[in-house]
Protein chains: 2
Amino acid sequence: MHTHGTVDQAAPAAADPAAEIRAAGLKVTAPRLAVLHGLTESPHATADQLFEAVSLELPGTSLQAVYGVLGAFTTAGLVRRIEPAGSAALFERRVGDNHHHIVCTNCHSVRDVECVTGQAPCLTPSDTAGFVVQTAEVTFWGLCPDCQNL
Amino acid sequence: MHTHGTVDQAAPAAADPAAEIRAAGLKVTAPRLAVLHGLTESPHATADQLFEAVSLELPGTSLQAVYGVLGAFTTAGLVRRIEPAGSAALFERRVGDNHHHIVCTNCHSVRDVECVTGQAPCLTPSDTAGFVVQTAEVTFWGLCPDCQNL
DNA sequence: CAGTTGTTTTGAATCATTCAAAACATGGTG
DNA sequence: CACCATGTTTTGAATGATTCAAAACAACTG
């Protein structure tokens, strides 16, 4: 290995957003870096929330650009799109692993939940009605800590 | 028990739609009977599909009426509303039990899947992040029998 | 059978998302 | 290092699902 020092230890993709985008076969642009940054700060954000965040960092960016970025990222496997019932689509960077979500029935906040049994697909239906199962998606609903005292 | 004969054997609610609606505290109307009928024929239907079905049975019914009926039914606990990612809301009569769904990734057809472990809530997350879990919703994704040969 | 209340109609607004054409910037090439 | 091809963003508008609101109407109560 032709590396030296300590900085090189960090995972390249996670540490360098630009490299991560490039590695996905996409061109590196300011809006894309800004969206990726926004997703790091808000791990479960809507297109609109990301538009707000990106607007601060990069004024003039259009909402459609954010949608475009998210679409490209999702297609490239850089981000995952989830769609909990009753709210707009949410985007998250955590991808490739098999984790699920818990959504607050009151304030709609979302948190990650590790896979229920430890591996993907972590569940197998008893009767698949002839379907060939590809994935299992689990959404837990409940009250978040903040909404329990109301 | 003050019943006699054989007809009384059937469950009142399931056998008599009007009684079922009345038992839910709602007024019995033609659009409501038609929507309930439509849901019996198509166990996982969108508001629009039900509007089509109702239109045949009761021409002149408005789409908004169907939405209104479905809203009232959902609030009353007569039907359940599910929202698989990527499609409009679906409504089903099967309610009160704990069953899940499998959705075809190709044609979006939906089938019921019995509860994975047999009772509600049938799953418990390992780390709830402080949430008080109320329900677990499971959606399986895969290819339906028809879409496997393409 | 008349009144009250809940329901449906009619018409329009809203939200999230996508489409399309033109202007523009990235990254490879000469 | 400038240029070019392609991919990306902007701008402007359309779409689909759903909800809102006021007026007309119909179901159950007494």
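To be clear, the structure that these remarks concern was listed above.
Residues numbered from 1 in each chain as written. Chains lettered and ligands numbered in written order. Predicted model: local features only at pLDDT ≥ 70, side-chain atom pairs only at ≥ 80, totals over all residues. Heavy atoms only, no water.

J.: Please clarify how the pattern of salt bridges should be interpreted in this entry.
T.: Opposite charge on two side chains permits pairing when their charged atoms draw close. All names here are of chain A. For the coordinates displayed, the defined rule picks out 12 salt bridges over all chains. The shortest N-O distance in the salt bridge between R93 and E20 comes to 2.5 Å. Of the two residues, R93 sits in the loop between β3 (90-92) and β4 (100-104) while E20 sits in helix α2 (residues 17-23), which places them 73 residues apart along the sequence. Looking at R93, the relative accessible area reads 23%, which means it is partly exposed. (Salt bridge = Lys/Arg side-chain N within 4 Å of Asp/Glu carboxyl O. Helix = DSSP H or I, 4+ residues; strand = E, 2+ residues; numbered from the N terminus. Buried < 20%, exposed > 50% of the residue type's maximum accessible area, 1.4 Å probe, protein only.)

J.: Whenever I open this one, the protein's contact with DNA strand D confuses me. Can you help?
T.: Of all residues adjacent to DNA strand D, which total 20 residues, the nearest are T29(A), R32(A), A65(A), Y67(B) and A89(B). Counting only atoms of DNA strand D within 4 Å of the protein, the sugar-phosphate share comes to 70%. Note that a phosphate oxygen of DNA strand D is positioned 2.9 Å from one of the side-chain N or O atoms of S62(A). With respect to DNA strand D, the side chain of Q64(A) contributes an N or O atom lying 3.2 Å from a base oxygen. For the surface near DNA strand D, the elements supplying multiple residues, two or more each, are α3 (30-41) and α5 (63-76) of chain A together with α5 (63-76) of chain B. In terms of residue class, the surface near DNA strand D is built from nine nonpolar, six polar and five charged. (Near = heavy atom within 4 Å. Polar contact = N/O pair within 3.5 Å; in protein donor to acceptor, adjacent residues only side chain to side chain. Nonpolar A, V, L, I, M, F, W, Y, C, P; charged D, E, K, R; others polar.)

J.: Looking at this structure, I do not really get the protein's contact with DNA strand C. What am I missing?
T.: Near DNA strand C there are 18 residues, and of these K27(A), Y67(A), T29(B), R32(B) and A65(B) occur at the shortest range. What you see for DNA strand C is that sugar and phosphate hold 72% of its atoms within 4 Å of the protein. With respect to DNA strand C, the side chain of K27(A) contributes an N or O atom lying 2.8 Å from a base oxygen. Interatomic distance of 2.5 Å between a side-chain N/O atom of R32(B) and a phosphate oxygen of DNA strand C. Going through the elements one at a time, α5 of chain A together with α3 (30-41) and α5 of chain B are the ones with two or more residues in the surface near DNA strand C. Looking at the surface near DNA strand C element by element, the count peaks at three residues for α5(B).

J.: What is the right way to look at the relation of the copies chain A and chain B in this model?
T.: The pair of chain copies shares a relation made of a rotation about an axis and a shift along it. Of the transformation superimposing chain A on chain B, the axial component is 0.0 Å and the angular component is 179°, with the fit at an RMSD of 0.1 Å. The superposition operator between the copies reduces to a two-fold rotation axis. No C-alpha of chain A lies nearer the rotation axis than that of V138(A), which sits 2.3 Å from it. When the interface residues of chain A are mapped onto chain B, 100% of them are again interface residues, pointing to one common binding face. (Least-squares fit on C-alpha atoms with pLDDT ≥ 70 in both. Contact = heavy atoms within 4.5 Å.)

J.: Sorry, what's going on with the sheet that holds strand β1 (residues 45-46) of chain B here?
T.: Across a sheet, paired strands are connected by hydrogen bonds in the backbone, their directions being either parallel or antiparallel. Here three strands make up an open sheet; going across it, the order is β1-β3-β2 (chain B) and the pairing antiparallel. Of all the strands in the sheet, just β1 and β2 (80-82) of chain B have a single pairing partner and so form its edges. (Pairing = 2+ DSSP bridges.)

J.: Please clarify how the pairing of strand β5 (residues 110-113) of chain A should be interpreted in this entry.
T.: Consecutive residues of a regular strand have side chains that alternate between opposite faces of the sheet. All names here are of chain A. In this sheet, β5 lies alongside β4 in antiparallel orientation, the contact comprising four bridges. Across the sheet, the residue bridging to H101 is D112, located in β5. Counted between consecutive antiparallel strands, the loop separating β4 from β5 contains five residues, among which H108 sits at a positive phi close to 65°.

J.: Explanation requested: the packing of α3(B) against α5(B) in the structure shown.
T.: Residues and elements named next belong to chain B. Across the interface, α3 lies against α5 with an axial gap of 10 Å and an inter-helix angle of 75°. Put simply, α3 runs roughly perpendicular to α5. Here α3 contributes P31, R32, V35, L36 and L39 to the contact with α5, which in turn contributes V66, V69, L70, A72 and F73. Of the residues belonging to the contact of α3 with α5, the class tally is nine nonpolar, no polar and one charged. (Axes fitted to C-alpha atoms, helices over the stretch in contact; angles between N-to-C directions. Parallel < 35°, antiparallel > 145°, perpendicular 65-115°, else oblique.)

J.: Sorry if this is basic, but what is going on with the interface of chain A and chain B here?
T.: Often, the extent of an interface is quoted as the loss of accessible area on bringing the components together. Residue-level contacts link 36 residues of chain A with 37 residues of chain B. Buried area between chain A and chain B, both sides added, is near 3000 Å², and the carbon and sulfur share of it is 60%. Area buried by chain A at its contact with chain B is led by F131(A), E137(A) and W141(A), which between them contribute 21% of it. Linking chain A to chain B there are 16 residue pairs in polar contact (both at pLDDT 80 or more). For the side of chain A that touches chain B, the element with the highest residue contribution is strand β6 (residues 132-143) of chain A, accounting for 12 residues. Broken down by class, the residue content of the side of chain A that touches chain B amounts to 19 nonpolar, 12 polar and five charged. By the bridge criterion, 11 bridges tie β6(A) to strand β6 (residues 132-143) of chain B in an arrangement that is antiparallel. The residue of β6(B) that forms the bridge with A136(A) is F140(B). (Buried area = accessible area lost by both parts, 1.4 Å probe.)

J.: In this structure, what is going on with the pairing of β6(B)? I would like to understand it.
T.: Examined bridge by bridge, strand β4 (residues 100-104) of chain B and β6(B) share four bridges and lie parallel to one another. From the neighbouring strand, V103(B) faces β6(B), where its bridge partner is W141(B).

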